[in-house]
Amino acid sequence: MEVLDKLTILADGAKYDAACTSSGLDRRARAGGLGSTLPAGCCHSFSADGRCVTLLKVLMSNCCAYDCQYCVNRRSNDLPRVTFTPRELCELTIGFYRRNYIEGLFLSSAVIKDPDYTTERMVETLSLLRRHYGFAGYIHAKAIPGADPLLTHRLGLLADRLSVNIELPSQKSLALLAPDKGKEAILSPMAQIRDGIQTARQERARSRHAPSFAPAGQSTQMIVGATPESDRHILTLTQRLYEKYRLKRVFYSAYIPVSDSKLLPAPQTFRPPLLREHRLYQADWLLRFYHFRADELLDEDRPNFDPLVDPKCAWALRHPDFFPVDAQTADYEQLLRVPGIGVTSARRILTARRWGALTFEGLKTLGVVLKRAQYFLTCGGKPLEGLRVSPDGVLRHLVAQERPMLARHEPEQLSLFEDQHGKEVSPYGRLDPGLLSV
């Protein structure tokens, strides 16, 4: 099979993995080498579905020994099976780089034979790419759960970022849908990568010639909507992963039906939960940069996010006792809790108020989104002039602000005798039944 035919199949098989971003590196090629990484990461483009594409994103192989029900490359699925040789993949990467198509590589793979054999092939590919072709661009590699720790370590010495996909949010779901995988097999390489990164940093602090190990950190991905776990369960797991394994990112991927398994939602009626994925990303941002905790955003009475407003606004509406916050005197942590104030604008407020009194017009200049913040903020103890606040009114306004940014369902033509829910009704259903007896 031609290399480009393999690419068509294996790039399509890799599209369901959302965990591919670059960040935080500054390495230039040596004399005679190729590629570089910039502080802002690789250059970005966007696919038709709006996802950011920065790298050549491809599988080493789709010949999988596992039979995970949610995966398009599962053993039982009937599809063409192909595998790149290390040389083919290197030639493809260098050819695309020289044509300015890409700035780096995201390399994953189905489990060929077993985890050790798969990781050996990936290590051979990256070693060839780095040492023979002199490629110094960004490389994100997928560590294979169950592989020998020595092989995972060699992979980390060649890649800029490693990721181990946790895939499903609970051991119960893993046992049901991915019986070949286990919780410990996934978490063990995460701990190894965490320790390897820390050790490499300590060694480089002593000697700048010490080798780097996954200098851009590690990430993971969870599938949302294939199993019944709540948003609270997913977000609590996310918080633990950040704290225990020091992940750079947790990615969420709305489940797309690729299987007729009775263990999964029926593909005929299932819609990928894109809004739920969006809310989880917003909450993830609050965990990482706004110092929120998972149990603040969701609890047993509210295990899932509100589809009408974002998690920060939902928290603010549930805690009227915290507001209003005075922009003139509030500390950094208090400012971060105000809807419409981000990390940058909060820091600008702290700097600007050293030089004089703040006004609402000045806050707008500093980057505060007053359409949201005006209901939760005062300046010098005074609210925005002419503003009237009621809980219902604030909710309606925030919902109206959010609605244009949410994806809409495709329009559906209703039958003449169907209501808005698709149920059949009589054309005389709204008339007084007594009139029909005449």
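### Some words on the overall build of the protein
Moving on, step 1. Within the protein, the secondary structure is distributed over 15 helices and twelve strands.
Moving on, step 2. Among the 438 residues that make up the protein, the fraction classed as buried is 48%.
Moving on, step 3. Contacts in the protein between residues at least 24 apart in sequence constitute 66% of all its contacts with a sequence separation of at least 6.
Moving on, step 4. Surface accessibility of the protein: about 23600 Å² in total, with carbon and sulfur atoms responsible for 52%.

### Here's the deal with unusual backbone geometry
Moving on, step 1. Residue Pro324 follows Phe323 across a cis peptide bond; omega there is 0°.
Moving on, step 2. Residues other than glycine seldom take positive phi values, yet Arg246 does so here, at roughly 55°.
Moving on, step 3. One can find Arg246 in the loop between α7 (231–245) and β10 (249–254).
Moving on, step 4. Positive phi, close to 65°, is recorded for His291, a residue that is not glycine.

### Some points on the nonpolar core
Moving on, step 1. Ranked by size, the top nonpolar core spans 110 residues in total, and within it Val58, Leu126, Leu241, Leu297, Leu363 and Leu377 carry the most contacts.
Moving on, step 2. By residue number, the principal contributor to this core is helix α6 (residues 183–206), which donates seven residues.
Moving on, step 3. Residue contacts for Leu126: discarding those within four places in its chain leaves Leu105, Leu107, Ile139, Ala141, Leu155, Leu158 and Ala159.

### Brief notes about the pattern of salt bridges
Moving on, step 1. A complete count under the given rule lists nine salt bridges for this structure.
Moving on, step 2. The partner of Asp160 in a salt bridge is Arg130, with the nearest N and O atoms 3.1 Å apart. Of this pair, Asp160 sits in the loop between α4 (149–158) and β8 (161–163) while Arg130 sits in helix α3 (residues 115–132); the two residues are 30 residues apart in sequence, bridging distant segments of the chain. Like Asp160, the residue Arg130 is buried in the burial classification.
Moving on, step 3. Notably, a salt bridge pairs Arg293 with Glu243, separated by 2.5 Å at the nearest N-O pair. Note that Arg293 is positioned in the loop between α8 (274–289) and α9 (294–297) and Glu243 in helix α7, a separation of 50 residues in sequence.
Moving on, step 4. Given a relative accessible area of 38%, Arg293 falls into the partly exposed group.

### A closer look at the environment of Ala226
Moving on, step 1. Mapped onto the elements, Ala226 comes out in the loop between β9 (218–224) and α7.
Moving on, step 2. The class for Ala226 is buried, based on a relative accessible area of 7%.
Moving on, step 3. For the pair Ala226 and Pro272, spaced 46 residues apart in the sequence, the C-alpha separation amounts to 9.2 Å.

### Let's talk about the sheet that holds β8
Moving on, step 1. Taken together, six strands build an open sheet; the order of strands is β5-β6-β7-β8-β9-β10 and the sheet is parallel. Two strands lie at the open edges of the sheet, namely β5 (56–59) and β10, each paired on one side alone. Going from strand to strand, the sheet's axes swing by 20° on average, the running direction of each strand aside.
Moving on, step 2. In the sheet, β9 pairs with β10 via six bridges, with the strands oriented parallel. Directly across from Val224, in β10, lies its bridge partner Ala254.

### Some details on the environment of Arg354
Moving on, step 1. Relative to the elements of secondary structure, Arg354 occurs in the loop between α12 (343–352) and α13 (360–365).
Moving on, step 2. By relative accessible area, which is 66% here, Arg354 ends up exposed.
Moving on, step 3. Here the alpha-carbon distance between Arg354 and Gln328, two residues 26 residues apart in the chain, equals 9.3 Å.

### Re the confidence of the model for the protein
Moving on, step 1. On average, the protein scores 85 in pLDDT, and the residues at 70 or more come to 84%.
Moving on, step 2. With pLDDT under 50 throughout, residues 37–49 is counted as low confidence; its partners more than four residues away or in other chains account for 30 contacts.

### Looking at the packing of α6 against α7
Moving on, step 1. The contact between α6 and α7 brings their axes to 10 Å, and the two run at 40°. Judged on the interaxial angle alone, α7 and α6 are oblique. For the pair α6 and α7, the contacting residues are Leu187, Met190, Ala191 and Arg194 in the first and Leu241, Lys244 and Tyr245 in the second.

### Let's talk about the side chain of Thr227
Moving on, step 1. Position of Thr227 relative to the elements: it lies in the loop between β9 and α7.
Moving on, step 2. Of the polar contacts made by the side chain of Thr227, one reaches the side chain of Glu229; its length is 2.4 Å.
Moving on, step 3. Those residues in contact with Thr227, other than ones at most four positions away along the chain, are Leu168, Pro169, Ser173 and Leu177.

### Notes on the environment of Val325
Moving on, step 1. Topologically, Val325 is positioned in strand β11 (residues 325–326).
Moving on, step 2. The buried category is assigned to Val325, whose relative accessible area is 4%.
Moving on, step 3. It is 9.9 Å that separates the C-alpha atoms of Val325 and Pro383, two residues lying 58 residues apart in sequence.
Moving on, step 4. Apart from residues no more than four positions distant in its own chain, Val325 is found in contact with Ala330, Gln334, Leu335, Val338, Phe376, Leu377 and Thr378.

### Here we look at the packing of aromatic side chains
Moving on, step 1. Enumeration according to the criterion identifies nine aromatic pairs in this entry.
Moving on, step 2. When the ring of Phe322 is compared with that of Phe323, the centres are 5.0 Å apart and the planes differ by 75°; the resulting orientation is edge-to-face.
Moving on, step 3. Phe323 sits in the buried class, given a relative accessible area of 12%.
Moving on, step 4. Connected via pairs of aromatic rings, a cluster forms that spans Phe292, Trp315, Phe322, Phe323 and Phe376.
Moving on, step 5. For Lys113, the ring lying beneath its charged end belongs to Tyr117, and the centroid distance is 4.5 Å.
Moving on, step 6. Note that Arg337 overlies the ring of Phe292, its terminal NZ or CZ placed 4.0 Å from the centroid.

### Details of the pairing of β9
Moving on, step 1. With respect to burial, β9 is a largely interior element, seven of its seven residues being buried.
Moving on, step 2. Where burial is concerned, the two faces of β9 agree: the one with Gln218, Thr220, Met222 and Val224 and the one with Ser219, Gln221 and Ile223 are both buried.
Moving on, step 3. With two bridges joining them, β8 and β9 adopt parallel strand pairing. Directly across from Leu162, in β9, lies its bridge partner Gln218.
Moving on, step 4. Once you follow β9 into α7 and on to β10, the crossover reads as right-handed.

Parameters and conventions
Residues numbered from 1 in each chain as written. Predicted model: local features only at pLDDT ≥ 70, side-chain atom pairs only at ≥ 80, totals over all residues. Heavy atoms only, no water. Helix = DSSP H or I, 4+ residues; strand = E, 2+ residues; numbered from the N terminus. Buried < 20%, exposed > 50% of the residue type's maximum accessible area, 1.4 Å probe, protein only. Contact = heavy atoms within 4.5 Å. Areas by Shrake-Rupley, 256 points an atom, 1.4 Å probe, with all protein chains shown as cover. Core = buried A, V, L, I, M, F, W, Y, C linked by side-chain atoms within 4.5 Å. Salt bridge = Lys/Arg side-chain N within 4 Å of Asp/Glu carboxyl O. Pairing = 2+ DSSP bridges. Axes fitted to C-alpha atoms, helices over the stretch in contact; angles between N-to-C directions. pLDDT = per-residue confidence, 0-100. Parallel < 35°, antiparallel > 145°, perpendicular 65-115°, else oblique. Polar contact = N/O pair within 3.5 Å; in protein donor to acceptor, adjacent residues only side chain to side chain. Phe/Tyr/Trp six-rings, centres within 6.5 Å; stacked < 30°, edge-to-face > 60°. Lys NZ or Arg CZ within 6 Å of the ring centre and 35° of its normal. Right-handed = clockwise from strand over helix to strand, strands pointing away.

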